[in-house]
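Summary of structural features
Read off the chains here:
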Amino acid sequence: MICLSLGLQPDSTREDALRVLRRCRRHADIVELRLDLLPHGCIPDLVAAAGRPVVATCRLHGRGGEFRSSLSESFRLLTRAVLAGARFVDVDLRDHPAWTAYIRNFAKDSACDADRLAKAKVVLSYHDFHGTPRNIAGILRSLMNKTPWCAKLCVTTRNAQDAVRLLGLARSFGDARDQRRSRVKRIVIGMGEPGKFSRILYKRLGSVWSYGSHPTDEMESPAGSAAAPHSIRVSAAGYATSLDSAGPTAVAPGQVDVRSLGNLYRADRLDRRTAVFAVVGAPLAHTRSPEYFNRRFRRHGLNGVFIPLELPDLSGFDELARLIELRGASITMPHKTEILRHVRRLSPEATAVSAVNTIVWDGHCYVGYNTDAVGLRSLLRRYGSINGARALVLGAGGAARASVRALAAQGADVTVSNRTPVRASALAHECGVRTIPWQARSGFHADILVNATSVGMGAADGARPSQRDLAALPERRITQSHAARTRPLAGCGPASSEILVPAAALRRGVLVVEWVHTPEVTGLVRAACAKGCRVITGVDLFKAQAREQWKLFKEAIRTR
C-alpha cells in the first residue's frame, strides 16, 4: 500500500490543505495527516476529505517535526483526528507510556469517546535523523514488544554499509509472509537518498506500506499558480524545520512522490520475482534513467524495476547488490572507474575505455560494459567523417574517457584538458593523446568541443529555455512538455549558465558535444546555438547510450 504523507506550512489555509489533499489522494491507499505541518482548525474536514484510511501524526519540534507546543497538546490534536474518523495514530516510542496514560485519563473524563480512542491502531515509531544505529534489531524488537498494531523503524541511511544493515535487518525478521502471521506489523525505512530503495522496494523489507510525498504539479491552484509556497524543505539533518517556497514537497528525507511510487516504480505491484535494476552514482537528482527504463519495462510487459541508488562511494556495494538481488545497473559519475574493482569481466569496449557505465549479472558475476562510447560514435557518424578534426575534450572522468576513445577511433586529433593536470596527463598518456593546461583551453582552435564535466548540471540559475533556444537546436524537435521538465533542480551542481570556454571560442560549424542532460539547454548549448555551432546535447547522448543499455537489461531479464 502507498501512504500519502501530507504536510504543508503551519500558516497555510484550510483551502490550501483541502485542495492539495483532493488532488493527490487518488494516488494513495492511505493518507497520513502531519498535524504539525497542517492548519489545526480543519482536522475534521481533512479526515473527511481524505476518502481513505487516515494516519494521524504530530511530531514535536526537534524530533523531526514542527509542533512547538507541549506533548499533551499534541495528544489532544491526535484525539481530535481519531474522533473525526482517523483509524491510526503514530506515536513516538519515547512517548508511548505518556500516550497510554493519556488514554487512561481520557477515559475518566470522557467515557463516551474513550472507546473510539482506545480502538485507534497505534503505529509505534522510532526515528534516527543522524544515522543507522548499530542495535537496529534490538530497537525493532523493543518496538514490537510493546505490541502496537505496527512497529515503525526509520533510520538515516548514509551509504551502502547502512543500506546493507537495513536489508540484513529486514531479512532477519523474515519476509511479508512471516509478517502476515505476526500480530505486529512493521514498517522499515531508510531515510535519505541512499535509503530511497527502501521506499520503492518496501515489500521486500516487509513493510505494510510506503510513505510518499505529494507531487509538485498536483499542487496547482485553479488560477494556475503553483502552490509550492506550501511545500516543506527538509534540512540536511533530516528535520522538516525550514519551510520554503523553493523546497521539495517531501516531509521526510528521501521521500518519493506518491504518483511516482505507484505509476513509475509500481511499488505496490513489485514481488519477489521482480528483476531489480538501478542507476548508481551521486548526485542523482538529475538522472532520467528511472523514467526511461521503467516505462520500457511496462511497455514490453517485463517484470522489472529501475531504481535510484545514490551512493557517495562504493564501499559495501557488493553486499548491497547481493541483498537487493541487483540484476544490472547504469553507473554514472563519479563511479565509472571505481566500479572496475567490482566487476569480474569487461566487454572489449569497457576494456578499451577503462571505464564502465553498465553492469549486468550473468548468473555468476557482474560483467562491465561501456555504452557511452558506443552511443557517442553512433551520433558522430551523422556528421560525416571527422578524420583529422581537432577535438578538445574537457574533463578526465568516465565520460571523458569514452569521448576520447570514440573520437580517436574515428580519426580525430584529440587533446584533453582538466582542472586537475595530473588526471588529464594520466588520461592522455593512457589513450595516446595530447593535453593542454586548463588555462589554455580558451585559445585552442577546436573543430569539436566536448564538455565531459558536470558544469551546467541542474539549472541552478533557475532559467528555463526559451522557445528560441529550443528552436535553435539543430535537427531536433523539442516539445513544450519537455521544456517544462527543465525546471531548476536545487543542489545538483554549478549554474547552467556557466560554460567552460568563452563564447568567442565558439565558431559557426564547430561541433559541440554536451554530456550534461539535465537541463538539455545548458549554458554551453545555448551559447553554441547562438553562434551557429552544430550541437549534440546531453539528451541525445543519454538516449543513444541508454538504447544500448536497454538491450543488455532486456536480455538479463529474459535469460534469468
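Since the structure is predicted, the reported quantities are computational estimates derived from the model, not experimental observations.

Counting its regular elements, the protein chain contains 20 helices and 21 strands. When the 560 residues of the protein chain are sorted by exposure, 59% land in the buried category. A fraction of 71% describes how many contacts in the protein chain between residues 6 or more apart in sequence connect residues 24 or more apart. Total accessible area on the protein chain stands at roughly 22600 Å², and carbon and sulfur atoms take up 49% of it.

The subject of this paragraph is the sheet that holds strand β2 (residues 30-34). Pairing in this open sheet of nine strands is parallel, and the strands run β7-β6-β5-β4-β3-β2-β1-β8-β9 from one edge to the other. Pairing within the sheet leaves two strands with one partner each, and these edge strands are β7 (185-191) and β9 (256-257). Of the strand pairs in this sheet, strand β6 (residues 150-156) and β7 are connected by seven bridges, and their pairing is parallel. Of the residues in β7, the one forming a bridge with K152 is I187. Here helix α6 (residues 136-145) sits on the sheet and contacts β5 (121-128), β6 and β7; the angle it forms with β6, its principal contact strand, is near 155 degrees. Together, β6 and β7 form the strand contacts of helix α7 (residues 160-172), whose direction differs from that of β7 by roughly 170 degrees.

Along the chain, P283 falls in the loop between β10 (275-281) and α11 (289-299). The class for P283 is partly exposed, based on a relative accessible area of 27%. Spatially, the C-alpha atom of P283 lies 9.2 Å from that of T332, the residues being 49 residues apart in sequence.

Conventions we followed
- Throughout, residues of each chain are indexed from 1 in the direction in which the sequence is written.
- Only residues with pLDDT of at least 70 are given local features in this predicted model, and only at 80 or more are side-chain atom pairs given and counted; all residues enter the totals for whole chains, interfaces and linings.
- With hydrogens and water set aside, each side-chain value is computed from the structure's full complement of heavy atoms.
- The helix and strand labels rest on DSSP assignments: H or I over at least four residues marks a helix, E over at least two residues marks a strand, and numbering proceeds from the N terminus.
- The buried label applies to any residue whose accessible area, calculated with a 1.4 Å probe on protein chains only, is under 20% of its type's maximum; exposed applies above 50%, and partly exposed to all values in between.
- It only takes one pair of heavy atoms within 4.5 Å for two residues to be counted as in contact.
- Using the Shrake-Rupley algorithm and a 1.4 Å probe, accessible areas are obtained, with residue cover drawn only from the displayed protein chains.
- Between any two strands, pairing holds if DSSP finds at least two bridges.
- Angular values range over 0 to 180 degrees, each being the angle between N-to-C directions of two axes fitted as lines to C-alpha atoms, with helices fitted over their stretch in contact.

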